[in-house]
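# Fold and geometry: a report
Each chain, written out:
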Amino acid sequence: RSQLGGKLQLDQDKSAKQGHMNVKGGFIVYFLWYDLVTFLICLGIIAFAVTTRPNYDYDDWTVHQTIFAAQVLYGLLSMPFFLFTLPVLQ
């Protein structure tokens, strides 16, 4: 095996122009914030449905329907993560 004889330097200005990020995690950080916000929105919808029921009855049919609708909404809002399943972006 041979050892590296010189230094490898990255031209920071050139990488910034090409759209590369110099932060750990890159663009996935923004996707994770997006995921957190969508989760909190879906959780808020469920909490609203529970709090509008008489006596906070969480075993009501409307709460079950709202939970299902929130699951569907969360699944649809998770569509941007589909990009990471493409072989080009892995």
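Our subject is the structure listed above.
Bear in mind the structure is a predicted one, so any value in this text is a computation, not a measurement.

What follows is about the overall build of the chain. Broken down by element type, the chain carries three helices and zero strands. Mapped from its N terminus to its C terminus, the chain presents α and β elements in the order α-α-α. Within the chain, buried positions represent 12% of all 90 residues. In the chain, the proportion of contacts linking residues at least 24 apart, taken out of those at least 6 apart, comes to 49%. As displayed, the chain has an accessible area near 8,000 Å², and 65% of this comes from carbon and sulfur atoms.

Where helix H2 (residues 28–51) contacts helix H3 (residues 61–77), the axes come no closer than 9 Å and their chain directions differ by 170°. In terms of orientation, H2 and H3 fall into the roughly antiparallel class. In the crossing of H2 with H3, the sense of the turn from one axis to the other is right-handed. Seen from H2, the contacting residues are Tyr-34, Asp-35, Thr-38, Phe-39, Cys-42, Ile-45, Ile-46, Ala-49 and Val-50; seen from H3, they are Val-63, Thr-66, Ile-67, Ala-70, Leu-73, Tyr-74 and Leu-77. Classifying every residue of the contact of H2 with H3 by side-chain character gives 13 nonpolar, two polar and one charged.

Before going further, it helps to examine the pattern of salt bridges. One pass over the full model with this rule turns up one salt bridge. Between Asp-60 and Arg-53 there is a salt bridge whose closest N-O contact spans 2.8 Å. With relative accessibility at 16%, the residue Asp-60 sits in the buried group. Judged by relative accessible area, Arg-53 falls into the partly exposed class, the value being 26%.

Now for unusual backbone geometry. The phi dihedral of Asn-55 is positive, around 60°, even though this residue is not glycine. Here Asn-55 is to be found in the loop between H2 and H3. With a phi close to 50°, Tyr-56 is a non-glycine residue in the positive phi region. Here Tyr-56 is to be found in the loop between H2 and H3. Note on Tyr-56: relative accessible area 56%, which makes it exposed.

Okay, H3 next. With 17 residues, H3 extends 24 Å between its outermost C-alpha atoms, agreeing within 8% with the 24 Å of an ideal straight helix rising 1.5 Å per residue. All of the buried residues in H3 are Thr-62, Val-63, Thr-66 and Ala-70. The arc enclosing the buried residues of H3, seen along the axis, measures out at 90°, which places them on a common side. Opposite its buried face, H3 presents the exposed residues Trp-61, Gln-71 and Leu-76, each directed more than 90 degrees away. Summarising the contacts, the buried residues of H3 are in contact with H2.

What counts as what
- Residues numbered from 1 in each chain as written.
- Predicted model: local features only at pLDDT ≥ 70, side-chain atom pairs only at ≥ 80, totals over all residues.
- Heavy atoms only, no water.
- Helix = DSSP H or I, 4+ residues; strand = E, 2+ residues; numbered from the N terminus.
- Buried < 20%, exposed > 50% of the residue type's maximum accessible area, 1.4 Å probe, protein only.
- Contact = heavy atoms within 4.5 Å.
- Areas by Shrake-Rupley, 256 points an atom, 1.4 Å probe, with all protein chains shown as cover.
- Axes fitted to C-alpha atoms, helices over the stretch in contact; angles between N-to-C directions.
- Parallel < 35°, antiparallel > 145°, perpendicular 65-115°, else oblique.
- Left-handed = near helix turned anticlockwise from the far one by under 90°.
- Nonpolar A, V, L, I, M, F, W, Y, C, P; charged D, E, K, R; others polar.
- Salt bridge = Lys/Arg side-chain N within 4 Å of Asp/Glu carboxyl O.
- Expected span 1.5 Å × (residues − 1).
- Arc of directions from axis to C-beta.

Take it as geometry only, folks, not as evidence of what the structure does.
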